[in-house]
Amino acid sequence: MKNLILAVLIFCALPTTAQDDPITAFTTQIKNGDYGRVYSLLISHNGELVTEAYFRGYDGDDLFQVFSVTKSVTSAAIGIAIDRGEISGVDARLGDLLPDYEMNAVKQDITLEELLMMSAGFEWTEEYFVSEGKSDIIALAGEDDWVEYVLGKEVIETPGSVFDYNSGISLILGKILEEATGQTAEAFVAENLFEPLEISEWEWETTGDGSSNTGWGLHLHPRDMLKFGELFLNQGRVGEEQVISEAWVTLSTQAQISVDDDFNYGYQWWRLTEDYLEGYDTVLKDVYIAWGFGGQLVIVMPELEVVVVSTAANFLEGDEKVVEGVLEYVVPVFAS
């Protein structure tokens, strides 16, 4: 029975001086709806869970669709496959990675890195609601082979030159993982990522041909989202086990391509620019986010050794609101 409107807030691991007006104010505002329909907020510091709050009838037993956080999990799996030698590296060509798909020479020469950084150059309409034509995301639902649909799109930009957010590219990454390892993305992630993180319950939606939906199909508990963020905070280690190489953690989360004045993009990870961070009067320079539609967030702040997780349904209100709240209320607690 869902009887938790707001879980107990645990502040014992916080500095004595921070027990804790800013975070209490933040959670109170969330409860009051000032940040839209937020369902959970979790904060860890130095690996200790210091805040765990649930709202609007949800609790820690609920699985949440994390939407594009799925992309960051898939990127981690690609990194593990590279670490193990099952994929040669980010310079690998698409034509070699998926030889069974028909592609012209331009598409064959697209690199894995260009796919990871959303710069493959495909013509693509990501929005669900468009005034003319049809969203490619919606069109996928009627296709048997979603990857074939994506690869059928025209390349309209020089690969590697322009960021263009495209969930279809993340589906291609899942198919690459499947081809390279002989397992579905879900099975590979379960064995090589979820097992060492002690993640035992999840749901993963499939595409038209039964492959794992590596664009937006994963459902997780908030505490398990936190484990994923802490894995990256700890440079890919769980205890003494190196689950992902430090090199991949650094490479995948650093800025690989500029999006705009506020955001850069890594390998399926978002980064806040220094200009954006300076607007919140913080000295932080290193903030990266696994960011899912509607406010599903895994925010990693290595300089503070802090990870923040949220789940929400801010599909119309804008899903940047919680990020703004974290910078305003959470960061000062740990930066002082």
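To start, this report covers the structure provided alongside it. Values in this document were obtained by computation on a predicted structure and should not be read as measured data.

A word on the pattern of salt bridges
Move 1: Counted by the stated rule, this structure contains 11 salt bridges.
Move 2: Across the pair Glu 86 and Arg 84 runs a salt bridge whose closest N-O atoms are separated by 3.1 Å.
Move 3: Residue Asp 96 is joined to Arg 93 by a salt bridge in which the shortest nitrogen-to-oxygen separation is 3.0 Å.
Move 4: Judged by its relative accessible area of 29%, Arg 93 is partly exposed.
Move 5: Among the charged side chains, a salt-bridge network with shared partners connects Arg 93, Asp 96 and Asp 109.

Here's the deal with helix α1 (residues 21-31)
Move 1: Of all the positions in α1, only Ile 23, Phe 26, Thr 27 and Ile 30 are classed as buried. Projection of α1 onto a plane perpendicular to its axis shows the buried side chains occupying an angular sector of 90°, all on one side.
Move 2: In this fold, the buried residues of α1 make contact with β1 (38-45), β2 (48-54) and α13 (321-335).

Overview of the packing of aromatic side chains
Move 1: Counted according to the given criterion, the structure contains 25 aromatic pairs.
Move 2: A connected cluster of aromatic rings, assembled from ring pairs, spans Phe 163, Tyr 165, Phe 263, Tyr 265, Trp 270, Tyr 276, Tyr 280 and Trp 291.

Here is what the cut-offs are and how they apply
- Residues numbered from 1 in each chain as written.
- Predicted model: local features only at pLDDT ≥ 70, side-chain atom pairs only at ≥ 80, totals over all residues.
- Heavy atoms only, no water.
- Salt bridge = Lys/Arg side-chain N within 4 Å of Asp/Glu carboxyl O.
- Buried < 20%, exposed > 50% of the residue type's maximum accessible area, 1.4 Å probe, protein only.
- Helix = DSSP H or I, 4+ residues; strand = E, 2+ residues; numbered from the N terminus.
- Arc of directions from axis to C-beta.
- Contact = heavy atoms within 4.5 Å.
- Phe/Tyr/Trp six-rings, centres within 6.5 Å; stacked < 30°, edge-to-face > 60°.

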